[in-house]
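Survey of secondary and tertiary structure
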Amino acid sequence: QVQLVESGGGLVQPGGSLRLSCAATRSIASYNMGWYRQAPGKRRELVATVSRTGYLNYADSVKGRFTISRDNAKNTMSLQMSNLKPEDTAVYYCNADDPFTADIDYWGQGTQVTVSS
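These notes cover the structure that comes with them. (Residues numbered from 1 in each chain as written. Predicted model: local features only at pLDDT ≥ 70, side-chain atom pairs only at ≥ 80, totals over all residues. Heavy atoms only, no water.)

The next subject is the overall build of the protein. Check the secondary structure of the protein and you find zero helices and 11 strands. Starting at the N terminus, the α and β elements of the protein follow one another as β-β-β-β-β-β-β-β-β-β-β. Relative to the 2.2 N^0.38 estimate, which gives 13 Å for 117 residues, the radius of gyration of the protein is 14 Å and therefore close to what a compact globule would have. Summarising its shape, the C-alpha atoms of the protein cover approximately 45 × 25 × 25 Å along the three principal directions. A fraction of 55% describes how many contacts in the protein between residues 6 or more apart in sequence connect residues 24 or more apart. On the protein, roughly 6,200 Å² of surface is accessible, and the fraction owed to carbon and sulfur atoms is 48%. Each charge class in the protein was averaged separately, 12 positive and 10 negative side chains, and the resulting centres sit 4 Å apart. (Helix = DSSP H or I, 4+ residues; strand = E, 2+ residues; numbered from the N terminus. Rg over C-alpha atoms; globule rule 2.2 N^0.38 Å. Contact = heavy atoms within 4.5 Å. Areas by Shrake-Rupley, 256 points an atom, 1.4 Å probe, with all protein chains shown as cover. Lys, Arg positive; Asp, Glu negative; His and termini not counted. Charge placed at Lys NZ, Arg CZ, Asp CG, Glu CD.)

Laid out in structure tokens, this is it:
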């Protein structure tokens, strides 16, 4: 029902910053939103989530470095990443969870983040 498109990925040096954005084709106000990532040879893992009521959750590996936010008026979600480390290298995916439609999940196509010197 909703389409998601990530942007903002790229190459950054260790210690640098990057901001990812997720644009949705319809209102996300009723959705629980989140960012996930998948590195080569590894399973997709949760990075951060923000519920429809504003509750925040972060993976321990990114606490204090990443900040998730949502702008319901613009149908967007962002992930501000600071003090990036090589282990942050992965494809980052935007996720929307609709609790009113059998808890269906929607995913973006992913955006590559590479942290290297």
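So much for the structure itself; the text now carries on.
Looking at the element boundaries, Asp 98 is found in strand E9 (residues 90-98). It turns out Asp 98 is buried and unbridged, and the closest side chain with the opposite charge, Arg 26, is 6.0 Å from it. Within the local environment of Asp 98, its side chain forms a polar contact with the side chain of Thr 101, the two groups lying 2.5 Å apart. Excluding residues within four positions of it along the chain, Asp 98 makes contact with Gln 1, Tyr 31, Asp 103, Ile 104 and Tyr 106. (Buried < 20%, exposed > 50% of the residue type's maximum accessible area, 1.4 Å probe, protein only. Salt bridge = Lys/Arg side-chain N within 4 Å of Asp/Glu carboxyl O. Polar contact = N/O pair within 3.5 Å; in protein donor to acceptor, adjacent residues only side chain to side chain.)

Here we take up the pattern of salt bridges. Counted according to the given criterion, the structure contains four salt bridges. When the shortest N-O distance is used, the salt bridge between Glu 45 and Arg 37 registers 2.7 Å. On the accessibility criterion, Arg 37 (6% relative accessible area) is buried. Its salt-bridge partner being Arg 65, residue Asp 88 comes within 2.8 Å of it at the nearest N-O pair. Pair noted here: Asp 88 is in the loop between strand E8 (76-81) and E9 and Arg 65 is in the loop between strand E6 (56-58) and strand E7 (66-71), with a separation of 23 residues, a long-range link. One exposure class covers both Asp 88 and Arg 65, and it is buried. Linked by salt bridges that have partners in common, Arg 37, Glu 45, Arg 65 and Asp 88 make up one network.

What follows covers the side chain of Asn 95. Examined against the element boundaries, Asn 95 turns out to sit in strand E9. The contacts of Asn 95, once residues within four sequence positions are left out, are Leu 4, Asn 32, Met 33, Gly 34, Tyr 36, Met 77, Asp 105, Tyr 106 and Trp 107.

Attention now moves to the state of the cysteines. Here, the word disulfide means a covalent bond between the sulfur atoms of two cysteines. Inspection of every chain in the model, using the stated rule, returns one disulfide. What pairs with Cys 22 in a disulfide is Cys 94, and their sulfur atoms sit 1.9 Å apart. Here Cys 22 and Cys 94 share a disulfide; its torsion about the S-S bond, -70°, makes the bridge left-handed. Separated by 72 residues along the polypeptide, Cys 22 in strand E3 (residues 18-24) and Cys 94 in strand E9 bring together distant segments of the chain. (Disulfide = S-S within 2.5 Å.)

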